[in-house]
Amino acid sequence: MHEILSFTRKFTIPSLMEEIANITLPGTLNEYIEKYQLIGGERDTFLWKWVHQNLYNYTLSSVHPSEKENVITLKTLLTIFVAICDDLADVDKDLKTIYELQKVPHHVDQVDMSNISENSKPFFALSLDIWRYFITEIRNYPRFSYFEDMFYFDIKQMINSFLYACIINQNPTFMSYSESDNYGSHNMMMIIYCDVDM
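These numbers come from a predicted model, not from an experiment.

Draft legend 1. Structural view of the packing of aromatic side chains. Per the counting criterion, the structure on display carries ten aromatic pairs. Ring plane angle 35° and centroid distance 5.8 Å describe the contact between Trp-131 and Phe-134, whose orientation is recorded as tilted. Of this pair, Trp-131 and Phe-134 both sit in helix α8 (residues 121-138), three residues apart, which is roughly one turn of the helix. Assessed through its relative accessible area of 1%, Trp-131 is described here as buried. A centroid spacing of 6.4 Å and a plane angle of 10° characterise the contact between Trp-131 and Phe-151, whose relative ring orientation is stacked. On the criterion of sequence distance, the pair formed by Trp-131 in helix α8 and Phe-151 in helix α9 (residues 144-170) is long-range, its members being 20 residues apart. What makes Phe-151 buried here is its relative accessible area of 2%. Joined through ring pairs, the aromatic side chains of Phe-81, Trp-131, Phe-134, Phe-144, Phe-151 and Tyr-152 make up one cluster.

Draft legend 2. Structural view of the pattern of salt bridges. For the structure on display, the rule yields seven salt bridges. Residues Asp-197 and Lys-75 are paired through a salt bridge, measuring 2.9 Å at the closest nitrogen-oxygen approach. With a gap of 122 residues between them, Asp-197 in helix α11 (residues 190-197) and Lys-75 in helix α5 (residues 68-92) connect regions that are remote in the sequence. For the pair formed by Asp-197 and Lys-75, the shared burial category is buried. Overlapping salt bridges bring together Glu-31, Lys-35 and Asp-129 as one network.

Rules and cut-offs
Residues numbered from 1 in each chain as written. Predicted model: local features only at pLDDT ≥ 70, side-chain atom pairs only at ≥ 80, totals over all residues. Heavy atoms only, no water. Phe/Tyr/Trp six-rings, centres within 6.5 Å; stacked < 30°, edge-to-face > 60°. Helix = DSSP H or I, 4+ residues; strand = E, 2+ residues; numbered from the N terminus. Buried < 20%, exposed > 50% of the residue type's maximum accessible area, 1.4 Å probe, protein only. Salt bridge = Lys/Arg side-chain N within 4 Å of Asp/Glu carboxyl O.

In C-alpha coordinates form, the structure reads like this:
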(Lines give C-alpha, C1' and ligand atoms only; values in the text may rest on other atoms or scores of the structure.)
Protein backbone atom coordinates (compact mmCIF):
# COMPACT_ATOMS: atom_id res chain seq x y z
CA MET A 1 0.00 0.00 0.00
CA HIS A 2 2.85 2.38 0.85
CA GLU A 3 4.34 1.80 -2.63
CA ILE A 4 1.06 2.72 -4.32
CA LEU A 5 0.73 5.93 -2.29
CA SER A 6 4.35 6.79 -2.99
CA PHE A 7 3.81 6.26 -6.72
CA THR A 8 0.64 8.36 -6.88
CA ARG A 9 2.26 11.23 -5.00
CA LYS A 10 4.79 11.62 -7.81
CA PHE A 11 2.02 12.75 -10.11
CA THR A 12 -0.34 15.65 -9.65
CA ILE A 13 -3.07 16.72 -12.03
CA PRO A 14 -1.21 19.91 -13.04
CA SER A 15 2.05 18.03 -13.64
CA LEU A 16 0.30 15.37 -15.73
CA MET A 17 -1.51 18.01 -17.76
CA GLU A 18 1.74 19.85 -18.35
CA GLU A 19 3.46 16.63 -19.37
CA ILE A 20 0.70 15.86 -21.87
CA ALA A 21 0.62 19.43 -23.21
CA ASN A 22 4.37 19.21 -23.91
CA ILE A 23 4.13 16.01 -25.94
CA THR A 24 5.26 16.32 -29.55
CA LEU A 25 3.02 14.24 -31.79
CA PRO A 26 4.30 12.52 -34.94
CA GLY A 27 4.01 14.57 -38.14
CA THR A 28 1.25 12.41 -39.62
CA LEU A 29 -0.97 12.98 -36.60
CA ASN A 30 -0.29 16.71 -36.59
CA GLU A 31 -1.24 16.88 -40.27
CA TYR A 32 -4.65 15.28 -39.67
CA ILE A 33 -5.27 17.21 -36.46
CA GLU A 34 -4.64 20.47 -38.35
CA LYS A 35 -7.09 19.39 -41.05
CA TYR A 36 -9.63 18.56 -38.35
CA GLN A 37 -9.23 21.97 -36.74
CA LEU A 38 -9.40 23.79 -40.09
CA ILE A 39 -12.87 22.38 -40.77
CA GLY A 40 -14.11 23.38 -37.33
CA GLY A 41 -13.41 20.27 -35.25
CA GLU A 42 -14.19 21.09 -31.64
CA ARG A 43 -11.77 18.72 -29.92
CA ASP A 44 -8.55 20.34 -28.77
CA THR A 45 -5.08 19.03 -29.64
CA PHE A 46 -4.62 18.26 -25.93
CA LEU A 47 -7.18 15.45 -26.22
CA TRP A 48 -5.27 13.77 -29.06
CA LYS A 49 -2.03 14.11 -27.12
CA TRP A 50 -3.71 12.53 -24.11
CA VAL A 51 -5.05 9.65 -26.25
CA HIS A 52 -1.67 9.11 -27.86
CA GLN A 53 0.11 9.07 -24.49
CA ASN A 54 -2.41 6.70 -22.91
CA LEU A 55 -2.15 4.22 -25.75
CA TYR A 56 1.33 3.34 -24.52
CA ASN A 57 -0.46 1.79 -21.54
CA TYR A 58 -3.03 0.02 -23.74
CA THR A 59 -0.82 -1.69 -26.27
CA LEU A 60 -0.36 -5.44 -26.19
CA SER A 61 3.05 -7.02 -25.61
CA SER A 62 2.70 -8.66 -29.02
CA VAL A 63 3.76 -5.36 -30.61
CA HIS A 64 7.46 -5.40 -31.38
CA PRO A 65 9.25 -2.48 -29.67
CA SER A 66 10.49 -1.18 -33.02
CA GLU A 67 6.89 -0.92 -34.27
CA LYS A 68 5.29 0.44 -31.11
CA GLU A 69 5.38 4.13 -32.08
CA ASN A 70 3.89 3.41 -35.50
CA VAL A 71 1.14 1.24 -33.98
CA ILE A 72 0.27 3.89 -31.40
CA THR A 73 0.18 6.58 -34.09
CA LEU A 74 -2.21 4.50 -36.18
CA LYS A 75 -4.43 3.79 -33.18
CA THR A 76 -4.53 7.51 -32.35
CA LEU A 77 -5.45 8.27 -35.95
CA LEU A 78 -8.19 5.67 -35.82
CA THR A 79 -9.46 7.33 -32.64
CA ILE A 80 -9.76 10.62 -34.53
CA PHE A 81 -11.67 8.77 -37.27
CA VAL A 82 -14.04 7.32 -34.68
CA ALA A 83 -14.56 10.70 -32.98
CA ILE A 84 -15.53 12.24 -36.33
CA CYS A 85 -17.91 9.35 -37.10
CA ASP A 86 -19.42 9.62 -33.63
CA ASP A 87 -20.06 13.33 -34.22
CA LEU A 88 -21.69 12.56 -37.56
CA ALA A 89 -24.09 10.20 -35.76
CA ASP A 90 -24.75 12.38 -32.71
CA VAL A 91 -24.72 15.86 -34.22
CA ASP A 92 -25.81 15.44 -37.82
CA LYS A 93 -28.28 12.66 -36.94
CA ASP A 94 -28.76 11.91 -40.62
CA LEU A 95 -29.24 8.22 -41.42
CA LYS A 96 -28.14 8.74 -45.03
CA THR A 97 -24.74 9.85 -43.74
CA ILE A 98 -24.38 6.72 -41.62
CA TYR A 99 -25.49 4.49 -44.50
CA GLU A 100 -22.67 6.00 -46.55
CA LEU A 101 -20.31 5.47 -43.63
CA GLN A 102 -21.18 1.77 -43.69
CA LYS A 103 -19.55 1.56 -47.12
CA VAL A 104 -16.20 2.65 -45.75
CA PRO A 105 -14.58 -0.66 -44.73
CA HIS A 106 -14.97 -2.49 -48.06
CA HIS A 107 -16.43 -0.02 -50.54
CA VAL A 108 -14.89 3.35 -49.69
CA ASP A 109 -14.74 4.28 -53.39
CA GLN A 110 -18.51 3.81 -53.70
CA VAL A 111 -19.37 6.48 -51.12
CA ASP A 112 -21.84 8.96 -52.60
CA MET A 113 -21.03 12.38 -51.18
CA SER A 114 -24.33 13.74 -52.54
CA ASN A 115 -26.04 11.83 -49.70
CA ILE A 116 -24.05 13.76 -47.10
CA SER A 117 -25.45 17.01 -45.70
CA GLU A 118 -23.50 20.18 -46.52
CA ASN A 119 -22.53 20.73 -42.89
CA SER A 120 -21.16 17.21 -42.59
CA LYS A 121 -19.31 16.99 -45.92
CA PRO A 122 -15.97 18.38 -44.68
CA PHE A 123 -15.97 16.00 -41.70
CA PHE A 124 -17.07 13.03 -43.78
CA ALA A 125 -14.38 13.80 -46.37
CA LEU A 126 -11.74 13.96 -43.64
CA SER A 127 -12.93 10.65 -42.18
CA LEU A 128 -12.48 9.07 -45.62
CA ASP A 129 -9.01 10.60 -45.93
CA ILE A 130 -8.03 9.23 -42.53
CA TRP A 131 -9.49 5.79 -43.32
CA ARG A 132 -7.60 5.52 -46.61
CA TYR A 133 -4.32 6.37 -44.91
CA PHE A 134 -5.02 4.03 -41.99
CA ILE A 135 -6.03 1.02 -44.07
CA THR A 136 -3.08 1.47 -46.45
CA GLU A 137 -0.70 1.42 -43.50
CA ILE A 138 -2.27 -1.46 -41.61
CA ARG A 139 -2.39 -3.70 -44.68
CA ASN A 140 1.40 -3.67 -44.56
CA TYR A 141 1.46 -5.20 -41.09
CA PRO A 142 2.95 -8.70 -41.19
CA ARG A 143 -0.05 -10.48 -39.66
CA PHE A 144 -2.83 -8.36 -41.15
CA SER A 145 -4.01 -11.10 -43.53
CA TYR A 146 -4.35 -13.50 -40.60
CA PHE A 147 -6.59 -11.12 -38.62
CA GLU A 148 -8.17 -9.35 -41.60
CA ASP A 149 -11.64 -10.92 -41.35
CA MET A 150 -11.92 -10.22 -37.63
CA PHE A 151 -10.59 -6.69 -38.09
CA TYR A 152 -13.20 -5.84 -40.73
CA PHE A 153 -15.91 -7.46 -38.64
CA ASP A 154 -14.97 -5.29 -35.66
CA ILE A 155 -14.83 -2.13 -37.79
CA LYS A 156 -18.31 -2.91 -39.13
CA GLN A 157 -19.58 -3.48 -35.59
CA MET A 158 -18.19 -0.08 -34.63
CA ILE A 159 -19.94 1.61 -37.56
CA ASN A 160 -23.15 -0.26 -36.68
CA SER A 161 -22.88 1.30 -33.23
CA PHE A 162 -23.02 4.73 -34.91
CA LEU A 163 -26.08 3.67 -36.89
CA TYR A 164 -27.71 2.50 -33.67
CA ALA A 165 -26.84 5.81 -31.95
CA CYS A 166 -28.27 7.78 -34.86
CA ILE A 167 -31.53 5.82 -34.80
CA ILE A 168 -31.83 6.18 -31.02
CA ASN A 169 -31.08 9.91 -31.20
CA GLN A 170 -34.06 10.24 -33.54
CA ASN A 171 -36.25 7.76 -31.65
CA PRO A 172 -35.23 7.64 -27.96
CA THR A 173 -38.17 5.42 -27.04
CA PHE A 174 -36.68 2.62 -29.19
CA MET A 175 -33.71 2.23 -26.86
CA SER A 176 -33.28 -0.92 -24.82
CA TYR A 177 -30.69 -1.61 -22.17
CA SER A 178 -29.38 -4.78 -23.84
CA GLU A 179 -28.96 -3.15 -27.26
CA SER A 180 -27.37 -0.06 -25.77
CA ASP A 181 -24.94 -2.22 -23.84
CA ASN A 182 -24.19 -4.35 -26.89
CA TYR A 183 -23.76 -1.62 -29.49
CA GLY A 184 -22.26 1.02 -27.23
CA SER A 185 -19.26 -1.09 -26.31
CA HIS A 186 -18.10 -1.28 -29.94
CA ASN A 187 -17.32 2.39 -30.31
CA MET A 188 -15.07 2.36 -27.26
CA MET A 189 -12.28 1.04 -29.51
CA MET A 190 -10.63 -1.48 -27.15
CA ILE A 191 -11.47 -4.44 -29.40
CA ILE A 192 -10.14 -2.69 -32.51
CA TYR A 193 -7.04 -1.52 -30.65
CA CYS A 194 -6.35 -5.20 -29.95
CA ASP A 195 -6.90 -6.04 -33.64
CA VAL A 196 -4.28 -3.45 -34.60
CA ASP A 197 -1.84 -4.73 -31.97
CA MET A 198 -2.12 -8.28 -33.21
